[in-house]
Amino acid sequence: MLRKRVLLCKVFCEQVWLSKFGPFIGTVMQEDDPLLAEAEKGYARGTDKRCCGYPLVGRGEWALRFYWVARQDRFATDYDEQEVYTRDGLFIGAFPERFLNALRMEGTALLSDGRILNYHGKCRYGIGTCFQTLDRERFPYGRGAGRRALLPFRSVAIDPRMVPIGDPLYIPEFDGLPMPDGSMHDGCVRADDTGGSIKKRKMDFFVESRENWREILDRLHGLTWITPQVEHPRCDYLRRDRV
């Protein structure tokens, strides 16, 4: 079904592009431009950052949101602490309600004692939501779908009915954007995570911290709508097995 959707997307996108740029493409073909042959092979690098992928939607029709690791040390101690447990009923600790709300929202938290907690679904203990402690060396920023380690500025959460887990996406709005760690983004992200509120045309970009979110949003000038592409050759290096 997903493969069929991608094929349909290709047909639709090709029709849209031909309707918009048909005259230009025709001129190029008549001139036998060598760049056209490269584009057909999927390796062209033109000034148009949308080249070579298949947009899932029209320009700016996919919602962009952000998420990060909740940090216990950012929340004041509260006398009204609530207990949390693992799915097996093992006690993890008692924490302020505001911190637990953030943990449920983000899915991962760094505790003051250094432990990494990850969302583990609903359960009958404590607050009705259970968590698990992760191996910090293997999952320093939390775990996404399956056993995937979250990577800042690379992992995204999506609706797996729209994009298979493990597939790379190209986000032209990210290409060339400076990241808080000093790197320059190449526009490539990977579907590493899911979320209960992430349905259809929505993507959550993992940015590790709230401070990073503010910095990136400022550099995007408040942009919250993007145009993700599938099967862009630039992002093949991020491809992983689907689950």
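Our subject in this report is the structure included herewith. (Residues numbered from 1 in each chain as written. Predicted model: local features only at pLDDT ≥ 70, side-chain atom pairs only at ≥ 80, totals over all residues. Heavy atoms only, no water.)

### As for the state of the cysteines
In plain terms, the rule: Count a disulfide wherever a pair of cysteine sulfur atoms falls within 2.5 Å. The rule is simple: take the accessible area with a 1.4 Å probe, protein chains only, and divide by the maximum for that residue type; under 20% is buried, over 50% is exposed, in between is partly exposed. For the purposes of this entry, the term helix denotes a DSSP run of H or I that reaches at least four residues, the term strand denotes a run of E that reaches at least two, and both are numbered from the N terminus.
A complete count under the given rule lists 2 disulfides for this structure. Residue pairing for cysteine 123: its cysteine sulfur links by disulfide to cysteine 130, the two sulfurs lying 1.8 Å apart. An S-S torsion of about 80° defines the bridge between cysteine 123 and cysteine 130 as right-handed. Of the two residues examined, cysteine 123 and cysteine 130, each falls in the buried class. Between the sulfur atoms of cysteine 188 and its disulfide mate cysteine 235 the distance is 2.1 Å. The disulfide joining cysteine 188 to cysteine 235 has a torsion of about -80° about its S-S bond and is therefore left-handed. One end of the pair, cysteine 188, is in strand 11 (residues 188–193); the other, cysteine 235, is in the segment after strand 14 (229–230), with 47 residues separating them in the sequence.

### Considerations on unusual backbone geometry
At phenylalanine 153, a position not held by glycine, the phi torsion is positive, near 65°. As for its position among the elements, phenylalanine 153 is in the loop between strand 8 (129–134) and strand 9 (155–157).

### Some details on the nonpolar core
Generally speaking, soluble globular proteins have nonpolar side chains that are buried together. Stated precisely, the cut-off is as follows: Nine residue types can take part in a nonpolar core, namely buried Ala, Val, Leu, Ile, Met, Phe, Trp, Tyr and Cys, and a core is a set of them joined through side-chain atoms within 4.5 Å. When checking whether two residues touch, look at their non-hydrogen atoms; a contact exists if any pair is within 4.5 Å.
Counting residues in hydrophobic clusters, the biggest one holds 25 residues, and the most contacted among them are Met203, Phe205 and Ile216. Elements that contribute at least two residues to this core include exactly strand 2 (62–68), strand 11 and strand 12 (202–208). With 4 residues, the single largest contributor to this core is strand 2. Residues in contact with isoleucine 216, not counting those within four places in the same chain, are Phe66, Phe153, Leu177, Met179, Pro180, Phe205 and Val207. Within the second largest apolar cluster, 12 residues are counted, among which are Val84, Ile92, Phe95 and Ala102.

### Section: the environment of glycine 128
Within the secondary structure, glycine 128 is located in the loop between strand 7 (116–122) and strand 8. For glycine 128, a relative accessible area of 24% gives the class partly exposed. Along the backbone, glycine 128 and valine 84 are 44 residues apart, and their C-alpha atoms lie at a distance of 8.4 Å. Apart from residues lying up to four places away in sequence, glycine 128 is in contact with Lys122 and Cys123.

### Re the packing of aromatic side chains
Note the threshold: A pair of aromatic rings is counted whenever rings of Phe, Tyr or Trp (Trp by its six-membered ring) have centres within 6.5 Å, and the orientation is called stacked for planes under 30 degrees apart, edge-to-face for over 60 and tilted otherwise.
Applying the stated rule across the entire model yields 9 aromatic pairs. A ring pair is formed by tyrosine 67 and phenylalanine 206, whose centres lie 5.2 Å apart and whose planes are at 55°; its orientation type is tilted. Separated by 139 residues along the polypeptide, tyrosine 67 in strand 2 and phenylalanine 206 in strand 12 bring together distant segments of the chain. By relative accessible area, which is 5% here, tyrosine 67 ends up buried. Consider the rings of tyrosine 119 and phenylalanine 131, whose centres lie 6.5 Å apart with planes at 80°: the pair is edge-to-face. On the criterion of sequence distance, the pair formed by tyrosine 119 in strand 7 and phenylalanine 131 in strand 8 is long-range, its members being 12 residues apart.

Limitation: the analysis is restricted to geometry and does not speak to function.
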